[in-house]
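One letter stands for each residue in the lines below.
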Amino acid sequence: QLDRITEIEPGRSLVAYRKLREGEDFLRDHFPLFAVMPGVLMLEALFQASCWLIRSSENFECSLLVLKEARNVKFADFIGPGDELKITVEIVKSDDQQVSLKASGLKQDTTAVSARLVIGKQRVPFDGEQGDLQDRFIAKHPQTFFEALCQAGK
(Lines give C-alpha, C1' and ligand atoms only; values in the text may rest on other atoms or scores of the structure.)
Protein backbone atom coordinates (compact mmCIF):
# COMPACT_ATOMS: atom_id res chain seq x y z
CA GLN A 1 0.00 0.00 0.00
CA LEU A 2 2.96 2.38 0.24
CA ASP A 3 4.97 3.88 -2.62
CA ARG A 4 7.75 5.51 -0.64
CA ILE A 5 8.97 6.52 2.80
CA THR A 6 10.39 10.03 2.92
CA GLU A 7 11.08 10.62 6.60
CA ILE A 8 11.78 8.33 9.50
CA GLU A 9 12.84 8.92 13.06
CA PRO A 10 13.12 5.43 14.59
CA GLY A 11 11.25 5.19 17.86
CA ARG A 12 9.26 8.33 17.06
CA SER A 13 7.68 8.95 13.65
CA LEU A 14 7.50 8.14 9.95
CA VAL A 15 6.13 9.85 6.82
CA ALA A 16 5.15 7.79 3.77
CA TYR A 17 3.15 8.30 0.57
CA ARG A 18 0.60 6.29 -1.40
CA LYS A 19 -0.60 7.51 -4.81
CA LEU A 20 -3.87 6.10 -6.13
CA ARG A 21 -3.50 5.10 -9.76
CA GLU A 22 -6.26 4.99 -12.36
CA GLY A 23 -5.98 1.28 -13.24
CA GLU A 24 -6.03 -0.27 -9.76
CA ASP A 25 -8.23 -3.39 -9.63
CA PHE A 26 -10.43 -2.41 -6.71
CA LEU A 27 -11.55 0.79 -8.50
CA ARG A 28 -13.68 -1.30 -10.90
CA ASP A 29 -15.93 -2.28 -8.01
CA HIS A 30 -15.49 0.69 -5.68
CA PHE A 31 -17.36 2.44 -7.25
CA PRO A 32 -17.70 2.27 -11.06
CA LEU A 33 -19.23 5.76 -11.42
CA PHE A 34 -17.31 7.35 -8.52
CA ALA A 35 -13.94 5.61 -8.21
CA VAL A 36 -12.45 6.06 -4.72
CA MET A 37 -10.04 4.20 -2.48
CA PRO A 38 -11.99 2.03 -0.02
CA GLY A 39 -11.74 3.15 3.59
CA VAL A 40 -10.35 -0.22 4.64
CA LEU A 41 -7.40 0.29 2.25
CA MET A 42 -6.81 3.78 3.62
CA LEU A 43 -6.67 2.23 7.09
CA GLU A 44 -4.38 -0.53 5.76
CA ALA A 45 -1.95 2.13 4.51
CA LEU A 46 -1.84 3.63 8.03
CA PHE A 47 -1.23 0.16 9.48
CA GLN A 48 1.56 -0.65 7.03
CA ALA A 49 3.33 2.66 7.68
CA SER A 50 3.03 1.95 11.41
CA CYS A 51 4.57 -1.49 10.95
CA TRP A 52 7.56 -0.04 9.10
CA LEU A 53 8.12 2.42 11.93
CA ILE A 54 7.95 -0.34 14.54
CA ARG A 55 10.22 -2.68 12.59
CA SER A 56 12.85 -0.04 11.93
CA SER A 57 12.68 1.16 15.55
CA GLU A 58 13.40 -2.36 16.81
CA ASN A 59 16.07 -3.29 14.26
CA PHE A 60 13.67 -5.69 12.51
CA GLU A 61 13.67 -8.09 15.49
CA CYS A 62 9.89 -8.64 15.69
CA SER A 63 8.69 -11.27 13.24
CA LEU A 64 4.94 -10.66 13.45
CA LEU A 65 2.98 -7.43 13.90
CA VAL A 66 -0.78 -7.69 14.36
CA LEU A 67 -3.40 -4.95 14.36
CA LYS A 68 -5.10 -5.37 17.73
CA GLU A 69 -7.21 -2.21 17.77
CA ALA A 70 -8.17 0.66 15.50
CA ARG A 71 -9.70 3.37 17.67
CA ASN A 72 -11.28 6.71 16.80
CA VAL A 73 -11.11 5.95 13.07
CA LYS A 74 -12.38 8.94 11.10
CA PHE A 75 -12.80 9.20 7.35
CA ALA A 76 -13.03 12.82 6.27
CA ASP A 77 -12.27 12.93 2.53
CA PHE A 78 -12.22 10.72 -0.56
CA ILE A 79 -9.04 9.57 -2.28
CA GLY A 80 -9.58 9.27 -6.03
CA PRO A 81 -7.34 8.35 -8.95
CA GLY A 82 -4.40 10.75 -9.14
CA ASP A 83 -4.66 11.74 -5.47
CA GLU A 84 -1.76 11.10 -3.14
CA LEU A 85 -2.17 10.16 0.50
CA LYS A 86 0.54 11.52 2.81
CA ILE A 87 0.69 9.14 5.77
CA THR A 88 2.14 10.24 9.09
CA VAL A 89 2.50 7.88 12.04
CA GLU A 90 3.79 8.66 15.50
CA ILE A 91 4.51 6.32 18.41
CA VAL A 92 2.56 7.30 21.50
CA LYS A 93 3.51 4.38 23.78
CA SER A 94 5.51 1.19 23.41
CA ASP A 95 6.34 -1.85 25.53
CA ASP A 96 7.41 -5.47 24.94
CA GLN A 97 3.88 -6.57 23.96
CA GLN A 98 2.42 -3.76 21.87
CA VAL A 99 2.77 -0.28 20.41
CA SER A 100 0.17 2.51 20.43
CA LEU A 101 0.35 4.97 17.55
CA LYS A 102 -1.37 8.06 16.25
CA ALA A 103 -1.80 7.87 12.46
CA SER A 104 -3.24 10.12 9.80
CA GLY A 105 -3.50 10.38 6.04
CA LEU A 106 -3.66 13.74 4.32
CA LYS A 107 -4.82 14.61 0.81
CA GLN A 108 -2.96 17.84 0.11
CA ASP A 109 -3.51 19.71 3.40
CA THR A 110 -6.81 18.06 4.34
CA THR A 111 -7.10 15.07 6.66
CA ALA A 112 -8.65 12.18 4.75
CA VAL A 113 -8.29 9.50 7.45
CA SER A 114 -7.07 9.38 11.03
CA ALA A 115 -6.91 6.72 13.73
CA ARG A 116 -5.29 5.52 16.91
CA LEU A 117 -3.76 2.09 16.32
CA VAL A 118 -2.64 -0.57 18.77
CA ILE A 119 -0.28 -3.08 17.19
CA GLY A 120 0.74 -6.26 18.95
CA LYS A 121 4.25 -7.67 18.69
CA GLN A 122 4.59 -11.44 18.47
CA ARG A 123 7.09 -14.09 17.49
CA VAL A 124 6.21 -16.71 14.91
CA PRO A 125 5.96 -19.99 16.84
CA PHE A 126 8.18 -22.68 15.34
CA ASP A 127 8.91 -26.08 16.82
CA GLY A 128 12.25 -27.81 16.98
CA GLU A 129 15.85 -26.70 17.08
CA GLN A 130 15.58 -24.47 14.04
CA GLY A 131 12.60 -22.50 15.42
CA ASP A 132 14.53 -19.47 16.70
CA LEU A 133 16.58 -19.30 13.50
CA GLN A 134 13.43 -19.35 11.34
CA ASP A 135 11.79 -16.64 13.47
CA ARG A 136 14.86 -14.39 13.10
CA PHE A 137 14.91 -14.96 9.32
CA ILE A 138 11.24 -13.94 9.03
CA ALA A 139 11.89 -10.86 11.16
CA LYS A 140 14.85 -9.70 9.04
CA HIS A 141 13.34 -10.52 5.61
CA PRO A 142 11.24 -7.29 5.31
CA GLN A 143 14.36 -5.15 5.78
CA THR A 144 15.20 -5.35 2.05
CA PHE A 145 11.73 -4.11 1.07
CA PHE A 146 11.91 -1.33 3.69
CA GLU A 147 15.23 -0.14 2.25
CA ALA A 148 13.67 0.00 -1.24
CA LEU A 149 10.75 2.11 0.05
CA CYS A 150 13.17 4.51 1.73
CA GLN A 151 15.30 4.71 -1.42
CA ALA A 152 12.17 5.55 -3.47
CA GLY A 153 11.57 8.48 -1.12
CA LYS A 154 14.92 10.12 -1.91
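Here the focus is helix H1 (residues 39-57). Taking 1.5 Å of rise per residue, the 19 residues of H1 would be expected to cover 27 Å, and the 27 Å separating its terminal C-alpha atoms lies within 8% of that figure. Most of H1 is tucked away: 14 of the 19 residues are buried. After H1 finishes, the residue Asn59 shows a positive phi value of roughly 55°.

Mapping Gln1 onto the fold places it in the segment before strand E1 (4-9). Residue Gln1 is classed as partly exposed on the basis of its relative accessible area, which comes to 27%. If sequence neighbours within four positions are ignored, Gln1 has contacts with Arg18, Met37, Leu41, Glu44, Ala45 and Gln48.

Before going further, it helps to spend a moment on the packing of aromatic side chains. Following the criterion strictly, the structure yields four aromatic pairs and no others. Both rings, one in Phe34 and one in Phe78, keep their centres 5.0 Å apart while their planes meet at 90°; by these two values the pair is edge-to-face. Of this pair, Phe34 sits in the loop between strand E2 (13-19) and H1 while Phe78 sits in the loop between strand E3 (64-75) and strand E4 (84-94), and the two are 44 residues apart along the sequence. Centre to centre, the rings of Trp52 and Phe146 are 5.6 Å apart; their planes meet at 35°, and the pair counts as tilted. With Trp52 in helix H1 and Phe146 in helix H3 (residues 142-152), the pair connects residues that are 94 residues apart, well separated along the chain. Classification of Trp52 as buried rests on a relative accessible area of 7%. An aromatic cluster is defined as three or more aromatic residues linked by ring pairs; in this entry it consists of Trp52, Phe60, Phe145 and Phe146. If you follow Arg4 out to its NZ or CZ, it ends over the ring of Tyr17, 4.3 Å from the centre. Over the face of the ring belonging to Trp52 we find Arg55, whose NZ or CZ atom lies 5.6 Å from the ring centre.

Calculation notes
- Counting restarts for each chain, with residues numbered from 1 along the sequence as it is written.
- The predicted origin of the model limits local features to residues at a pLDDT of at least 70 and limits the giving and counting of side-chain atom pairs to 80 or more, whereas totals for whole chains, interfaces and linings rest on all residues.
- Excluded from the side-chain calculation are hydrogens and water; included are all heavy atoms of the structure.
- Helix and strand labels come from DSSP, where a helix needs a run of H or I of at least four residues and a strand needs a run of E of at least two; each type is numbered from the N terminus.
- The span one expects for a helix is its residue count, reduced by one, times 1.5 Å.
- The buried label applies to any residue whose accessible area, calculated with a 1.4 Å probe on protein chains only, is under 20% of its type's maximum; exposed applies above 50%, and partly exposed to all values in between.
- Contacts between residues were defined by any pair of non-hydrogen atoms, one from each residue, lying within 4.5 Å.
- A pair of Phe, Tyr and Trp rings is counted when the ring centres sit within 6.5 Å of each other, with Trp represented by its six-membered ring. The angle between the planes then sorts it: under 30 degrees is stacked, over 60 is edge-to-face, the rest tilted.
- To sit over a ring, a charge needs its Lys NZ or Arg CZ within 6 Å of the ring centre and within 35 degrees of the ring normal.

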